[in-house]
Amino acid sequence: MTSGPIADGMRRRRSQPSVTGDAPTKRELLPLIEAAASVADHGSLRPWRVIALRGEARKRLGFAIAEAAGLEGGAAEKMAQKPLRAPLLLAIVVSPKKSHKVPEWEQESVASGVAHALSLVLDEAGWGVIWRTGLYTRSKAVHRMHKLEPDEKLLGWLYIGGKAKTKSGRRKPVKAKDFLSSL
Ligand SMILES: Cc1cc2nc3c(=O)[nH]c(=O)nc-3n(C[C@H](O)[C@H](O)[C@H](O)COP(=O)(O)O)c2cc1C
């Protein structure tokens, strides 16, 4: 099997649905974001940004999701707990830049690449990560809660915390030959 530190890290990475209350500091995050930012980026437009949600900001996100879902009272309270599953959420934002050459779908691809790369380097740094979305990720209430510009869109949140002791099961291997064809 072809090997190298990046390939090994990618094979080893597993999403962590349950994490502990530890979280990387801003200082610890910055070099990881810088590394993730090195993904291919047509025109170097940097069409993305990251918003950190800690503490009660996570609950406000839960209430925004509840509002989008039309929930009230106890049901809204229950929804507001969901983002509390990790001490740090990083909202990944597609922040499109004006360009005649690079259409928006390409810019979304760059932001998505940053999110995947960031998951990988966070995992390598020892943090537990899972990328989560939901039906209301692009709802008005959630957009407003993040103070996004009108043309900005969310790709979801990386839920980050300490790696719990529980072992993740093995990922079903992908038969690469089923995904490769030639013309
Ligand atoms: C864009 C995107 C959105 C996702 N949204 C969710 C989600 O809302 N809830 C969830 O449990 N997993 C979600 N996932 C899947 C997990 O992040 C994860 O990839 C999956 O549980 C498989 O685990 P693995 O990464 O260890 O293979 C999402 C993945 C991506 C790329």
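See the structure shown above.
Residues numbered from 1 in each chain as written. Predicted model: local features only at pLDDT ≥ 70, side-chain atom pairs only at ≥ 80, totals over all residues. Heavy atoms only, no water.

Enquirer: Would you explain the packing of aromatic side chains in this entry?
Expert: Here a ring pair, both rings aromatic, is described through the centre-centre distance and the interplanar angle of the planes. Evaluated as defined, the whole model comprises zero aromatic pairs. Positioned above the aromatic ring of Tyr 159 is the side chain of Arg 132, whose terminal nitrogen or guanidinium carbon lies 5.2 Å from the ring centre. (Phe/Tyr/Trp six-rings, centres within 6.5 Å; stacked < 30°, edge-to-face > 60°. Lys NZ or Arg CZ within 6 Å of the ring centre and 35° of its normal.)

Enquirer: I'm lost on the pattern of salt bridges in this one. Help?
Expert: Side chains that differ in charge, positive against negative, can pair when their charged atoms come close. Inspection of the entire model under this criterion finds nine salt bridges. Among the salt bridges present, the one from Glu 56 reaches Arg 60, with a minimum N-O distance of 3.2 Å. (Salt bridge = Lys/Arg side-chain N within 4 Å of Asp/Glu carboxyl O.)

Enquirer: Would you mind showing me how to read unusual backbone geometry here?
Expert: Note: most residues except glycine have negative phi, and most peptide bonds are trans. Phi is positive for Ser 44, which is not a glycine, with a value near 45°. The phi torsion at Lys 147 lies on the positive side, around 55°, for a residue other than glycine. The exposure class assigned to Lys 147 is exposed, which follows from its relative accessible area of 67%. (Buried < 20%, exposed > 50% of the residue type's maximum accessible area, 1.4 Å probe, protein only.)

Enquirer: Would you mind showing me how to read helix α4 (residues 73–81) here?
Expert: Because the α-helix completes a turn every 3.6 residues, residues three or four places apart line up on one side. Regarding α4, the residues found buried are Ala 76, Met 79 and Ala 80. Mapping the buried residues of α4 onto a view down its axis gives an arc of 105°, with all of them on the same face. Away from its buried face, by an angle of more than 90 degrees, α4 presents the exposed residues Gly 74 and Lys 78. (Helix = DSSP H or I, 4+ residues; strand = E, 2+ residues; numbered from the N terminus. Arc of directions from axis to C-beta.)

Enquirer: So what exactly am I meant to see when it comes to the site of the ligand here?
Expert: Every residue close to the ligand is listed here: Arg 13, Arg 14, Ser 15, Ile 130, Trp 131, Arg 132, Thr 133 and Arg 171. Here an oxygen atom of the ligand sits 2.8 Å away from a polar atom, N or O, in the main chain of Trp 131. In the model, an oxygen atom of the ligand is placed 2.8 Å from a nitrogen or oxygen of the Thr 133 main chain. Looking at the shell around the ligand, its residues break down into two nonpolar, two polar and four charged. (Near = heavy atom within 4 Å. Polar contact = N/O pair within 3.5 Å; in protein donor to acceptor, adjacent residues only side chain to side chain. Nonpolar A, V, L, I, M, F, W, Y, C, P; charged D, E, K, R; others polar.)

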